[in-house]
Amino acid sequence: MSVAAMVNGVPVSVAEVDAREAQLRGSRAASSLPRPGTSEGRQLRRWLTQLLVTERVVAAEATARGLTADGAPSEAELLPNVTVRLEIGSVAASVLADPLARALFASITEAVDVTDDAVAAYQARNPMRFADRAEVADHLRAAARRRAFRLWLDARCAALVELAPGYEHPGDPRQPDNTHRH
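The name given to the protein in an unreviewed UniProt entry is Malonyl CoA-ACP transacylase, with the source organism recorded as Mycolicibacterium moriokaense.

Enquirer: Quick rundown of the sheet that holds strand β2 (residues 10–13)? Include the residues and the values.
Expert: Strand order across the open sheet formed by three strands is β2-β1-β3, with antiparallel pairing between neighbours. Unpaired on one side and paired on the other, β2 and β3 (161–163) mark the two borders of the sheet. Each strand of the sheet is rotated relative to its neighbour by a mean of 25°, with strand direction disregarded. Where strand β1 (residues 3–7) lies against β2, four bridges are found, and the strand directions are antiparallel. Residue pairing in the sheet places Val 7 in a bridge with Val 10 of β2. Sheet contacts for helix α1 (residues 14–25): β1 and β2; angle to β2, the most-contacted strand, approximately 45°.

Enquirer: Tell me about the nonpolar core, and name the residues and values.
Expert: In terms of nonpolar packing, the biggest core is built from 32 residues, with Leu 79, Ile 88, Leu 96, Phe 149 and Leu 153 touching the most fellow members. Those elements giving two or more residues to this core turn out to be β1, α1, α2 (39–64), α4 (82–88), α5 (90–95), α6 (99–109) and α8 (133–160). Excluding residues within four positions of it along the chain, Leu 79 makes contact with Val 84, Arg 85, Ile 88, Ala 93, Leu 96 and Arg 146. In this structure, Val 119, Tyr 122, Phe 130 and Ala 137 belong to the second largest nonpolar core, which totals seven residues.

Enquirer: Just give me the short version of the side chain of Gln 43, but keep the residues and values in it.
Expert: Along the chain, Gln 43 turns up in helix α2. Within the local environment of Gln 43, its side chain forms a polar contact with the side chain of Arg 46, the two groups lying 3.1 Å apart. Each residue touching Gln 43, except ones within four places of it in the same chain, is listed here: Pro 170, Gln 175, Asp 177 and Asn 178.

Enquirer: With reference to specific residues and values, describe the environment of Ala 5.
Expert: Looking at the element boundaries, Ala 5 is found in strand β1. Along the backbone, Ala 5 and Arg 56 are 51 residues apart, and their C-alpha atoms lie at a distance of 11 Å. Discounting chain neighbours no more than four positions away, the residues touching Ala 5 are Val 10, Pro 11, Val 12, Thr 49, Val 53, Glu 162, Leu 163 and Ala 164.

Enquirer: With reference to specific residues and values, describe the packing of aromatic side chains.
Expert: If you walk through the whole model with that rule in mind, you get three aromatic pairs. Taking the centre distance of 5.1 Å and the plane angle of 50° together, the rings of Phe 105 and Phe 149 count as tilted. One end of the pair, Phe 105, is in helix α6; the other, Phe 149, is in helix α8, with 44 residues separating them in the sequence. Here a set of aromatic residues connected by ring pairs shows up, and it is made of Phe 105, Phe 149 and Trp 152.

Rules of the game
Residues numbered from 1 in each chain as written. Predicted model: local features only at pLDDT ≥ 70, side-chain atom pairs only at ≥ 80, totals over all residues. Heavy atoms only, no water. Pairing = 2+ DSSP bridges. Helix = DSSP H or I, 4+ residues; strand = E, 2+ residues; numbered from the N terminus. Axes fitted to C-alpha atoms, helices over the stretch in contact; angles between N-to-C directions. Contact = heavy atoms within 4.5 Å. Core = buried A, V, L, I, M, F, W, Y, C linked by side-chain atoms within 4.5 Å. Buried < 20%, exposed > 50% of the residue type's maximum accessible area, 1.4 Å probe, protein only. Polar contact = N/O pair within 3.5 Å; in protein donor to acceptor, adjacent residues only side chain to side chain. Phe/Tyr/Trp six-rings, centres within 6.5 Å; stacked < 30°, edge-to-face > 60°.

See below:
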């Protein structure tokens, strides 16, 4: 078995990456995907590998915490718009399509809050953005929770994931397909 990555010692096979790519290429998004075998096609496979390993990290943590999808927040609650999806990152946003991942998000971020001073400072800088302090607090708390989840997820993946050559993170400057072009 060819291995694309290891997650806490458990292999993620190249066949799993192939299957995820085939699923994506069989979807309505197929026409917008890069051709296989090109630099961009290899980057897509790296991104799919990131998604697969992140799904495994999330599933393992949810199991360890005894979580279920019951009562998980909706995807729209956590990721209400495109800006928020970009802020949290494409892999984290994709993982949060799963209700179990959203339950984990809620568990990890339940203690995250913002101070009255932060709310007042934001409101002073943006006096016309929200009607009242409660809306400002909700906005800042949601952003703080997304940041906390993203930082937790990055740290857990760094601790548990080993990527095989050719399946490095798409943004890793050491891999040959990571070039900046216009």
